[in-house]
Amino acid sequence: TLVVREGEIHGLVGENGAGKSTIMNQLYGMQRPTSGTIKVFGNEVQIHSPKDAIALGIGMVHQHFMLLPSLTVAENVVLGIEPMKNGFFDFKKAVEMTREVAEKYKFDIDPLMKVADLSVGQMQKVEIMKVLIKGAKIIIMDEPTAVLTPQETEELFEQLILLRENGHSIIFISHKLEEVKRICTRVTVLRHGYCLG
């Protein structure tokens, strides 16, 4: 059993092959569980796809970013919920929507920049903005610091704390125990498919 409380950063740790990614892929609808139940905000739910997860307020930031480098930050952020005007993509509105999210959560990033020109830390911010703009209240972060510099890691932690203060729940998957101890409210250890703690 894994229980994540509202407004907390919950660490999920375990050896390679322990099942961390599997359980999160089930929560995000990328894999189907063979047994058990999933409850979101106290209600039992069926999650068949990422679209279902997003509708329930669950977002996932993957270890390997899923961005389109040739597009702008704004175009990447609104992908899947593109604003339209007279049957065409409304770029101006996309920039406005992206700016609103960036300002609300203090992401210092220009919506007009091409993703190809961003640093790794900035790309991760775009990934987080993508889930926030779709209304995610539960955010799964899969090994988020694996590719970041120490400075980018500090910036990420500041962002995650701000999200927690705004009532978001964050599942923080990591191998770096010092980071888990520093930022997480509680920790669950996954071993041979069983949750401990």
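Residues numbered from 1 in each chain as written. Predicted model: local features only at pLDDT ≥ 70, side-chain atom pairs only at ≥ 80, totals over all residues. Heavy atoms only, no water.

Draft legend 1. Main features of the nonpolar core. Formed by 37 residues in total, the largest nonpolar core has its most connected members in Ile 139 and Leu 160. Those elements giving two or more residues to this core turn out to be strand E1 (9-13), helix H3 (73-77), helix H4 (91-104), helix H5 (120-133), strand E7 (138-142), helix H6 (150-165), strand E8 (169-173) and helix H7 (177-183). Here the element with the most residues in this core is H5; it accounts for 6 residues. (Core = buried A, V, L, I, M, F, W, Y, C linked by side-chain atoms within 4.5 Å. Buried < 20%, exposed > 50% of the residue type's maximum accessible area, 1.4 Å probe, protein only. Helix = DSSP H or I, 4+ residues; strand = E, 2+ residues; numbered from the N terminus.)

Draft legend 2. Representation of a nonpolar patch on the surface. A cluster of nonpolar side chains, namely Met 84, Phe 89, Phe 91 and Leu 112, defines an oily patch on the protein surface of about 360 Å² accessible area. Along the chain, Leu 112 turns up in the loop between H4 and H5. (Patch = residues over 30% accessible without salt bridge, like charges linked within 9 Å, V, L, I, M, F, W, Y side chains within 5 Å. Areas by Shrake-Rupley, 256 points an atom, 1.4 Å probe, with all protein chains shown as cover. Salt bridge = Lys/Arg side-chain N within 4 Å of Asp/Glu carboxyl O.)

Draft legend 3. Region of the structure containing the pattern of salt bridges. As enumerated under the stated definition, the model contains 5 salt bridges in all. In this structure, Glu 8 and Arg 186 form a salt bridge, with 2.9 Å as the shortest nitrogen-oxygen distance. Placement of Glu 8 in the segment before E1 and of Arg 186 in strand E9 (residues 186-191) is noted, with a sequence separation of 178 residues between them. Given the relative accessible area of 23%, Arg 186 is considered partly exposed. As a salt-bridge pair, Lys 125 and Glu 155 come within 3.1 Å of each other at their nearest N and O atoms. Remark: Glu 155 occurs in helix H6 and Lys 125 occurs in helix H5; sequence separation between them is 30 residues. On the basis of relative accessibility, which here comes to 12%, the residue Lys 125 falls in the buried class. A residue is classified by how much of its surface remains accessible, and Glu 155, at 28% relative accessible area, is partly exposed.

Draft legend 4. Broad picture of the environment of Ala 74. Locating Ala 74 in the fold gives a position in helix H3. A relative accessible area of 0% means that Ala 74 is categorised as buried. When the C-alpha positions of Ala 74 and Glu 96 are compared, they lie 8.4 Å apart, and in sequence the two are 22 residues distant.

Draft legend 5. The arrangement of the environment of Pro 69 in detail. Relative to the assigned elements, Pro 69 resides in the loop between strand E4 (58-61) and H3. The exposure class assigned to Pro 69 is partly exposed, which follows from its relative accessible area of 46%. For the pair formed by Pro 69 and Lys 114, sequence separation is 45 residues and the distance between their alpha carbons is 6.7 Å. With near-sequence residues (within four places) excluded, Pro 69 lies in contact with Lys 114, Val 115 and Ala 116. (Contact = heavy atoms within 4.5 Å.)

Draft legend 6. Structural detail: the pairing of E8. Burial analysis of E8 places 5 of its 5 residues in the buried class, the great majority of the element. In the sheet, E7 pairs with E8 via 5 bridges, with the strands oriented parallel. In the strand pairing of E8, Asp 142 is matched with Ile 173. Chirality of the crossover, the property in question, places the unit of E7, H6 and E8 among those that are right-handed. (Pairing = 2+ DSSP bridges. Right-handed = clockwise from strand over helix to strand, strands pointing away.)

Draft legend 7. Examining the sheet that holds strand E10 (residues 194-196) more closely. One open sheet holds the 6 strands; their spatial order is E4-E7-E8-E1-E9-E10, and the pairing between them is mixed. In the strand order of this sheet, the two ends are held by E4 and E10, each with one partner. Recorded for the sheet is a direction-independent mean angle of 20° between the axes of neighbouring strands. As defined by bridge partners, E1 adjoins E8 across 4 bridges and the pair is classed as parallel. The partner of Ile 9 across the bridge, within E8, is Ile 170. (Axes fitted to C-alpha atoms, helices over the stretch in contact; angles between N-to-C directions.)

Draft legend 8. Looking closely at the side chain of Asn 25. With respect to the element layout, Asn 25 can be found in helix H1 (residues 20-27). Assessed through its relative accessible area of 15%, Asn 25 is described here as buried. Here Asn 25 is in contact with Met 30, Gln 31 and Met 60, once residues within four sequence places are set aside.

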